[in-house]
Each structure stands twice: as structure tokens, then as C-alpha cells.
Amino acid sequence: MSDAETRPGVRESAEAPPPAPPQQWEADVVLRDGSVAHIRPITPDDAEALRKFHNAQSEESIYLRFFAPLRELSDRDLHRFTHVDYHNRVALVSTVGDDIVGVGRFDLLEGTSSAEVAFNISDRFQGRGIGSVLLEHLAAVAREIGIEKFTAEVLPQNRKMLMVFKDAGYEVVHRVEDGVVDLSFGIEPTEQSKAVALSREHRAESRSVRTILFPERVAVIGASRRPDSVGAMVLANILASGYRGELFVVHPEAEEVQGVAAHRSLMDLPGPVDLAVVLVPAEQVQGVVSDCARAGVKALLVMSAGFAEAGSEGAERQEQLRRTVRLSGMRMVGPNSFGLINAHTDVRLNATLAPVVPPAGRLGLFAQSGALGVAVLASAARRGLGISVFASAGNRADVSGNDLMQYWIDDADTDTVGLYLESMGNPRKFSRIARQLAMVKPVVAVSSGVSSFAAPPGHRTRQTRVSPRAFDALLRQAGVIRVENIHQLFDVAQLTLHQPLPSGGRVAIVGNSDALGAISASACLSWGLQVTHGPVSLPAQASADEFADALEAAFADPEVDSVVAGFIRPLATRDEDLTAALRTVAGRHQKPCVATFLGIRGVEGGLTYADAGGTQRIVPAYTMPEDGIRALNAVTHYAQWRAKDRGALVAPAGVDRLRAEALIARVLLESPEGRTLTRDEVSEVLESYGIQLWPAVAVGSVDEAVAAAERLSYPVILKSTSRVVRHQPGIVGVRGDLGDAEAVRDAYESLSERLGALADGSFAVQRMAVPGVSCVLSTQEDPLFGPVVSFSVAGPPTELLDDVAYRIPPLTDVDVRDLITSVKAAPLLTGHRGAAPVHRAALRDLVARLSVMADDHPELAGVELNPVNAWSGGVDALGAEVVVRPALVRKDLGRRGMT
């Protein structure tokens, strides 16, 4: 690729002190092989590293980059390459350790909104996806600056670089001239480019987790000879699990530990290590990890405590550890991890402190703290639920639940995923990955610190300012089954692992106890399930055939989607005959069944049977019917989410993002700390997204009010614009349907007298809207979640009942519809008590426009449209308030990066 900086038409920067590199352009990324690289802006201090990088390149690579055999870089070349202004000339480097392994740069073409882009990738790192990552990041930086198009010149024989451009998902135009391929493409993300980036991220992060879970060579560092030490217990568990790979122990003094030969250091091991299990005291971990980096270890499991959970000194130690791991290209579980298990027959690794381990099975489990890891594994073992993979992230300084979910998407050995979430570092990425995972297998989540927003000590996260229900909405959008505790998590997992998904919410209830039947029916109704068959209660003297006939009638009923069975010990039938009847009937039908058995023997683990297709299934047995029905309700809602149309991302027409961006930039230039926009500014930013704000005239006297009414034409309303009045329940600061000047004067005097100092002399006159339903639409830029969109019906539903629905952009058309219909006051929009239904398509369009605007501009700290008048002919935004603040750095920026 040609040296863009020496070509005519490329803008040269005047010599000046180098500006500070933008820190927000830095990122750690997972490469195609699962290793980690660091992306950052180039700096003048990189001159010698760049020279070393260039000198290590082959003659072919140098020629393909510079179109000439440039064997050495002169001091002038190095100065030009490393001194950039981060605007007209931008360069990013990819580093592993202290070495530069890739360079990507662009140069603004003078007088245009285009830039010429060029790449140079280390021969040693070819094929790992560094060029693709650099292109993604350069395109994001360029869009931030205002560049719209990239151009490049590539030699025809440079097939790898041609494929980088071709496979990126942009619409690339190319032509061949003078033996060179000229490329150009717009860098605004397309659906294809976004899909390509997400697919690459998924494959890379999944591969990195597989490296951790499928190690062929494991080294335990810190296994003491004292049998009661943590290191000794972990080593004993690894040995007891029958680990199939090579196991090494690193010990500075011992010859052997628990029969495993010990080595003095990692460098003494006969070959590279895939996973190092670190169990030394916290103050020694940094040195051990540095040794691991030098020895080429791929991944770490750091079980040592004493990091961020232990205070500020530990937090500094943890951040240093994280930087060392990332810059060295490794992945790390921990620190303060309880360990990990992979029950796959090719691995059989139990590197935990768990005294009781569940059998091998098809449930993937993720937890964070060690105490909860113990509880999760013990609970699964008690129920006989087999696990495929268990991982405790500890303080999740590197590997998180998002990484594990990426792995589970494609893991053929896991059918259901259980998550115990105490905190969340990147909710937007969690939502995106969880949605992809939930589309192929159930995801069940318990959340403690996430929903209360009090993250445990040691967890890197941001505080949130929005309602806890925003997190609930995020889970619903992603199709995640939310439960309250570990007990309920396994209640649901028993059902999803062993039974088919229900096709609807219609339930049959069959048993031999009136009491159990009544309890079951009541539970179904309270959860919104429809009892369409029964309750059927057989007499205590019923025969096995009668049990079988009743069950068959329930399963075969076309109006039934699921069956709830509740039995006490029969008098005239043996326990095994009753359970055999249920096994036989359940095996003939593809409908889920939950059961409760009171006083019946041999059913503790449920009833095993083979369905018509030969699949081994289990009817899960619950202590009481309510537990099974609660699980059945959760799984029914999940099945309905999975079956319904996912929708398409909303993309309203008539959006002028650059116009809004320019206005926001002007405001922040004038007021660096941000401010509330004027009404004219609000109108302009809303108009740029196709939202028309009704005119309102601010008035300070009765004469001004009358004059404004005359200009707007009658009828009008007079309203107080004081925030105190607008947000005080029970205080009415509006007079409507004012048809003449006298009515306006009376209203002004009446409101002024009634509100007094509360009104603060702030009034506005506005045309009278058509009668409709007043709604409130708002967005808030949250430090944790990013943009959050909310919807409610104005008045008591919002102010007194907190009947507000939330969604996290980007939204699909289905998300928008669900947002509007999910509030309890939604019937008011559909023609309550004979009223005309509102124009719901127009209301959905308004929500879509507001959500896109919030997603596009993180500087919009808060936007409130209040009131929005929804009526049969459309929607009218009657009032609005917009607050602009310097943008928070979002965790999911549209380019690959680790949190």
C-alpha cells in the first residue's frame, strides 16, 4: 500500500508541539486466535518501536506497504510517521507487550471529507485479524472527526489487504489504474458491516474462552505442601477430577506435591502452558503473572484474594494486574475467583475449592464471588443437575459473563445457561450477547447487585441513575429469564433442560387431591396462565388405568400447551404404577409437564422417560406446585419471546444527524459544562430528527398573554412553565380552552393569584390541542446503561403510581411497540370506555425518532417530551426540555473493545 503521507493532495500539518493523544481511542481487543492486543494512538515516543517493527518485516511486506524496497526508515520518516495531529493525520498502533504488531493510519485529503487509509501488519501476526480491527477503529475515529469516506491504493498481489476491505461489510468501489487497485467506500456503518464486526467479535471472544476451558497443559502455581491450604485443595480437586491433560506444579522448594513433580519456575517446564492456576499471596501475583507472560502462558486463573475487594491498595494492585495481563496478550479469570470446571470428557478439569461438585451434564453456570460459587455448585449437586461448564469470574478484572456467553452460543454441550450476576460492567454489550444466546438456548439470571445497583467490593462498574426497572427491561429485551434467587434458577433450569418448550400459556391440571388442584389453579391464575383443562381430581381409590386415562386426556387436549400434575400417595395403586403411567403418557406427547409428588417414593430426581423421538427426558419434580408453576410461567414467557418476530432496528426517515451534532457542539463550545437548551434550540434539535415541537410563547404579563393568544389564534391554553408547579402532584398550573381575550385575562390573573410565588411569573401561551391522551416520553444518558428511553401516560400513572416503562436503545420496531403497551395505563391508548383510540403508529414513530436521537448523541444528558398529546389523528409534542452535557464515554462504542 502506498505511503499516503508523501502523496500530492494529502494535507501536511505545520510543525508544532505534538498534541496529546486522545485516550478514548484506546482499547484492548481480542484477536481471531483468542489472544489480546492493545489499540492506541501513535505517539512520538513510538519512534524506536516503529523502527524495530519495520526492520523485522520481510522485503515483500515492505514493498506491499510502500510500493518500494524501503529497507530502512530514516529519522525523518520516523518523525513524520509518529508525529500526527489526531485530526488531519491519524495513526493507531496495535501492540502486544512492548512490541508494535500493526499500524493503521489515515490522512485527510485536502478540501474533501475523504481520507486515504493505509495499514502495515507484522509478519508474525498475519492472519490474526489485526488489519480488520484497525480498520474498524480507524473508521470509528474518522466518523467522530467528520470524515465520510476512505480511499486506499493497494497492489493487486496484496490479496490479504484487499480481503480486509472486501470482507469488512462496506460497499467498496474499486478500479485498477497503472497496476494499482484504487478503492473507495463510505464508512457510515451498514447493516452488513455491523453484522461482520459482531460476528468477528463473537468468534474471537468465544475462541479466547475456549483456550481457558480446554487447556492441554495446566500449571498450578502456589500449591502448598500443607493439606489444609487453598493451593493444596485446588490441586487435590484437579487430581480427583481426572484431568486429561498434562499437569505441572511450580514450587520454589518442593520436589513433588501430592505426587506431581514440582518445578522451580515456569521457565523450567518442558514446553508452553495453556492455563496457569495462580494461588500465591496477592503481593506475589504480579511477579508470577509477569513470569507467565515471559513464558508464553495463554491464560490465567487467579484465585488469590486481596485485590480490589480489599480496599484502595488492592484496587491499585488489581489494575496493575489487569494491564499486565492485557498488554501481554493473555486472558485472565479473576482475581479472587472461586475457580472453574469443565466436565467435557476430553478435559475433566475441576480447578475449584468446591467440596461437592455436580455430575457432568448440560447446564452452564456463571457466578462472580466465591461464596456464591459454593452455593451455586452445592445447590446444583443436591438436585442432581449436571453441569457442562462452571466459571467464577471473581472480581472480573478481565473475563466476564459476556465472554462466557459468547462461548455458550456455539457450545453444543450446553443446553441452558444460568447466571448469578452481582454487577455488570457493560450492560449494552450484555444485552446484545444475551439476546443472541437466548435465541438458541434459555438464559436464566439471578441478579443482586445489578438490580440494587450496589456492586460488591472489587467489581469495576459505574453507578447508575435510572430506575432498577431499566435493568429489568434490558433483560426482557434480551429474552433473559429473570428469577429472584438460586432456588428459582434451578427450578427453571430443571424444566428447560429436560422438557420441550411450551407453545402457549394454556394449562391442564391433573391430580388426585382437591387441595393440590386448587393450589395449582390459583397459582396458574396469579401468574397469568390460562387453565383450559381441569383441575381434574381423581379419587384416592383410582386405578393405574384411570390415572393413565386422565393424563392422556390432558396431554392430548388440543387446547392444552402444558400439563401440571400433582399427586399424593394413592390408596389403591402402587407408587410405581402411578409414576409409570405419567412416564408413558408424557413420552407420547411433545408437551412440557411439571409435577409435585407428596408421599410418593422414588421421585426425588423427577421421572425419567424417553419421548417418541428417543430423547431422554425428565418430568421435573417440585416440592410444591407453586414452584413448578412459577418456573412454567417463566419458561412460557421465554418461549413466546423466542417464537415472536424479532423485528428490525428502527430507522426513521428524514433524520439530519449532522445538524443536531452541530447545534450540540455549538452549545458545548459556549458552555463547556453543558446547560438546558432554549426553546428555539430544543425545536431545532428535535426538528433534525423529524419531531415537530408545538410553538409556545413565553409571557410575563397579562397583556403579553393576550397579544400572544391573538397571534396564535384561539382557542389557546395558558400554562405555568415553572418546574416546581409542573412536578407538584395536585397543583394544576394550566387553564385551557380560552376562546377570547377576556378568558385569557381571567386565566392569567387566576393562575397568578392561585400559584403565587410557585409560578415565579413564568407562563406560556400555546394553541389548544385536540383532546387526547397526554403521554410522557423521555431519554436519559446513564453512566452505566448509556441511553435509556422511557414512556408513560402523563398524570397520576406517572407521578403517583410510577407506571413507567423503559427500554435500552438501539430499539427494534417490536421493542417500540412493547414499550408503549407494557405500561399498566396502556388501555387508555386503545379506546378505554368508548374513547377514540389514539394513532398508535404515529406514537410509535415518535418513540423511534427519540430513541435514535438518544443513541446517536451521548451529549443529550436528558430529553423530556411532556406533554405529548396522542389522539386519533396523530401525536403532538406540546412541551419539551433538553439538557446537554459533555458526553460520557459509552462502554459499547460500535467498535470492538474489552471492558
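These numbers come from a predicted model, not from an experiment.

Participant: Run through the packing of helix α26 (residues 813-821) against helix α27 (residues 840-856), naming residues and quoting values.
Facilitator: Contact geometry of α26 with α27 gives a least axis separation of 10 Å together with a crossing angle of 115°. Considering the angle they form, α26 stands roughly perpendicular to α27. Note on packing geometry: the crossing formed by α26 with α27 is right-handed. Touching Val816, Arg817, Leu819 and Ile820 of α26 are Leu843, Arg844, Val847 and Ala848, all from α27. The class makeup of the residues in the contact of α26 with α27 is six nonpolar, no polar and two charged.

Participant: Now, about the pattern of salt bridges: what can you tell me, with residues and values included?
Facilitator: Applying the stated criterion across every chain, the model contains 53 salt bridges. The closest approach of N and O atoms between Lys429 and Glu201, which form a salt bridge, is 3.5 Å. Taken together, the residues span a long stretch of sequence, with Lys429 in helix α12 (residues 427-438) and Glu201 in helix α6 (residues 191-213) at a distance of 228 residues. The residue Arg264 makes a salt bridge to Glu255 at a minimum N-O spacing of 3.1 Å. On the accessibility criterion, Arg264 (40% relative accessible area) is partly exposed. Through salt bridges with shared partners, one network takes in Asp28, Arg323, Arg326, Arg331, Asp398 and Asp403.

Participant: I'd like to hear about the sheet that holds strand β24 (residues 530-537), residue by residue, with values.
Facilitator: The four strands lie next to each other as β24-β23-β25-β26, forming an open sheet whose pairing is parallel. Either end of the sheet is taken by a strand with one partner, and the two such strands are β24 and β26 (593-598). Taken over all neighbouring pairs, the strand axes of this sheet differ in orientation by 10° on average, direction set aside. As paired strands, strand β23 (residues 506-511) and β24 are joined by five bridges and run parallel to one another. Among the inter-strand pairings, Arg506 is bridged to a residue of β24, identified as Gln530.

Participant: Describe empty space enclosed by the protein, listing the residues and the values that go with them.
Facilitator: By the definition in use, this model includes nine cavities of 30 Å³ or more. Taken together, 14 residues make up the lining of the largest cavity; nearest its centre are Arg396, Ser400, Gly401, Asn402 and Gly425. Residues belonging to the lining of the largest cavity are distributed by class as follows: three nonpolar, eight polar and three charged.

Participant: Please set out a nonpolar patch on the surface residue by residue, giving values where relevant.
Facilitator: Taken together, the side chains of Ile568, Leu598 and Met624 present a nonpolar region at the surface, about 190 Å² in accessible area. Look at Ile568 and you get partly exposed, because its relative accessible area is 30%.

Participant: Residues and numbers for the packing of aromatic side chains, please.
Facilitator: Per the counting criterion, the structure on display carries 12 aromatic pairs. Relative to Phe763, the ring of Tyr748 lies with its centre 5.0 Å away and its plane at 50°, an arrangement referred to as tilted. Residue Tyr748 is located in helix α24 (residues 741-755), and its partner Phe763 is located in strand β33 (residues 763-767); the two are separated by 15 residues in the primary sequence. Residue Phe763 is classed as buried on the basis of its relative accessible area of 2%. Taken together, Phe106, Phe119, Phe150, Phe165, Tyr170 and Phe185 form an aromatic cluster joined through their ring pairs. The ring centre of Phe214 lies 4.0 Å from the NZ or CZ of Arg210, which sits over that ring. Across the ring face of Trp641, the terminal group of Arg646 is positioned such that the distance to the ring centre comes to 4.0 Å.

About the thresholds
Residues numbered from 1 in each chain as written. Predicted model: local features only at pLDDT ≥ 70, side-chain atom pairs only at ≥ 80, totals over all residues. Heavy atoms only, no water. Axes fitted to C-alpha atoms, helices over the stretch in contact; angles between N-to-C directions. Helix = DSSP H or I, 4+ residues; strand = E, 2+ residues; numbered from the N terminus. Parallel < 35°, antiparallel > 145°, perpendicular 65-115°, else oblique. Left-handed = near helix turned anticlockwise from the far one by under 90°. Contact = heavy atoms within 4.5 Å. Nonpolar A, V, L, I, M, F, W, Y, C, P; charged D, E, K, R; others polar. Salt bridge = Lys/Arg side-chain N within 4 Å of Asp/Glu carboxyl O. Buried < 20%, exposed > 50% of the residue type's maximum accessible area, 1.4 Å probe, protein only. Pairing = 2+ DSSP bridges. 1 Å grid on protein atoms, 1.4 Å probe; cavity = no way out; pocket = protein on both sides within 12 Å on 5 of 7 lines; lining within 4 Å. Points joined across faces, edges and corners; volume = space filled by probe spheres on them. Patch = residues over 30% accessible without salt bridge, like charges linked within 9 Å, V, L, I, M, F, W, Y side chains within 5 Å. Areas by Shrake-Rupley, 256 points an atom, 1.4 Å probe, with all protein chains shown as cover. Phe/Tyr/Trp six-rings, centres within 6.5 Å; stacked < 30°, edge-to-face > 60°. Lys NZ or Arg CZ within 6 Å of the ring centre and 35° of its normal.

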